[in-house]
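# Structure at a glance
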Amino acid sequence: EAGVVQSPRYKIIEKKQPVAFWCNPISGHNTLYWYRQNLGQGPELLIRYENEEAVDDSQLPKDRFSAERLKGVDSTLKIQPAELGDSAVYLCASSSPGQGDYGYTFGSGTRLTVV
Amino acid sequence: KQEVTQIPAALSVPEGENLVLNCSFTDSAIYNLQWFRQDPGKGLTSLLLIQSSQREQTSGRLNASLDKSSGRSTLYIAASQPGDSATYLCAPDNTDKLIFGTGTRLQVFP
């Protein structure tokens, strides 16, 4: 099993430029999460999808962040325009709650540096 | 709102010691609790998952306990090794999302 796959691993951009991150969850996992982790902190939820529906986006800064999960599989998180404070690690996770719950599986993350 | 606290924030020990990492959370209405390990510059690796109906889980040298009513979980690491050096994060699952503490940064030296 491939696990949760994220790309790119690293991204350096200038402020005000757009950036996009991609995530492919574990096959069969209906729930997908995007978390942001600032240096020295624990991850914080940005958005949660159940299949293709965003069911919790209360922490997503909607003025510059957007996300989509077409067909309920892959997901893309976009920032436009990026600000210096967006420098962080962006983590994608997936889960399949209920019977046979094995918890959350995280990808390796995308480390974003905005200069 | 769920708040998670991990103590100690950092720990440096010689190898071979048995370790105790503490996690407390304010909202006991959790679905489960998960412990993760994070190496520098890496993603999160799941160590143990404890369902809300369980009291503990074991995997090799790791044992995690859960006292949901008091809002506490403890991760025990037996016979620590330099390869255990990492940050350890606990995360209770509330309403289908994980809430993380800031972690315990562990260094085990030879």
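See the structure shown above.
An account of the accompanying structure is given in this report.

Rules used throughout
- Residues numbered from 1 in each chain as written.
- Chains lettered and ligands numbered in written order.
- Predicted model: local features only at pLDDT ≥ 70, side-chain atom pairs only at ≥ 80, totals over all residues.
- Heavy atoms only, no water.
- Helix = DSSP H or I, 4+ residues; strand = E, 2+ residues; numbered from the N terminus.
- Rg over C-alpha atoms; globule rule 2.2 N^0.38 Å.
- Buried < 20%, exposed > 50% of the residue type's maximum accessible area, 1.4 Å probe, protein only.
- Contact = heavy atoms within 4.5 Å.
- Areas by Shrake-Rupley, 256 points an atom, 1.4 Å probe, with all protein chains shown as cover.
- Lys, Arg positive; Asp, Glu negative; His and termini not counted.
- Charge placed at Lys NZ, Arg CZ, Asp CG, Glu CD.
- Buried area = accessible area lost by both parts, 1.4 Å probe.
- Salt bridge = Lys/Arg side-chain N within 4 Å of Asp/Glu carboxyl O.
- Nonpolar A, V, L, I, M, F, W, Y, C, P; charged D, E, K, R; others polar.
- Phe/Tyr/Trp six-rings, centres within 6.5 Å; stacked < 30°, edge-to-face > 60°.
- Lys NZ or Arg CZ within 6 Å of the ring centre and 35° of its normal.

A word on the overall build of chain B. A tally of helices and strands in chain B yields zero helices and 11 strands. Written out in order from the N terminus, the α and β elements of chain B read β-β-β-β-β-β-β-β-β-β-β. In terms of overall dimensions, chain B is globule-like: its C-alpha atoms have a radius of gyration of 13 Å, near the 13 Å expected for 110 residues. Referenced to the eigenvectors of the C-alpha coordinate spread, the extents of chain B come out at roughly 40 × 25 × 20 Å. Taking all 110 residues of chain B together, the buried fraction comes to 44%. Contacts in chain B between residues at least 24 apart in sequence constitute 52% of all its contacts with a sequence separation of at least 6. Accessible area of chain B: about 5200 Å², with a carbon and sulfur share of 48%. Both charge centroids of chain B, one from 9 positive and one from 10 negative side chains, sit 3 Å from each other.

Turning our attention to the interface of chain B and chain A. Residue-level contacts link 21 residues of chain B with 22 residues of chain A. Note on chain B versus chain A: buried area summed over both sides is about 1600 Å², and carbon and sulfur give 47% of it. Counting the contacts that link chain B with chain A gives one salt bridge. When the shortest N-O distance is used, the salt bridge between Lys97(B) and Asp56(A) registers 3.6 Å. Secondary-structure elements contributing two or more residues to the side of chain B that touches chain A are strand 4 (32–38), strand 5 (44–51), strand 9 (86–94) and strand 10 (97–98) of chain B. Its residues placed into classes, the side of chain B that touches chain A shows seven nonpolar, 10 polar and four charged.

A word on the packing of aromatic side chains. Scanning all chains against the criterion turns up eight aromatic pairs over all chains. Between Phe21(A) and Tyr90(A), the aromatic rings sit 4.8 Å apart at their centres with planes inclined by 25°, giving stacked as the arrangement. Of the two residues, Phe21(A) sits in strand 3 (residues 19–24) while Tyr90(A) sits in strand 9 (residues 88–95), which places them 69 residues apart along the sequence. A residue is classified by how much of its surface remains accessible, and Phe21(A), at 1% relative accessible area, is buried. Seen from their ring centres, Phe106(A) and Phe36(B) are 5.3 Å apart, and the 85° between their planes marks the pair as edge-to-face. With Phe106(A) in strand 10 (residues 105–106) and Phe36(B) in strand 4, this pair bridges two chains. For the pair shown, Phe106(A) and Phe36(B) are each scored as buried. Three or more aromatic residues link up through ring pairs in this structure, and these residues are Tyr33(A), Tyr35(A), Tyr104(A), Phe106(A), Phe36(B) and Phe100(B). Above the plane of the ring of Tyr10(A) lies Arg9(A), whose end atom (NZ or CZ) is 5.1 Å from the centre.

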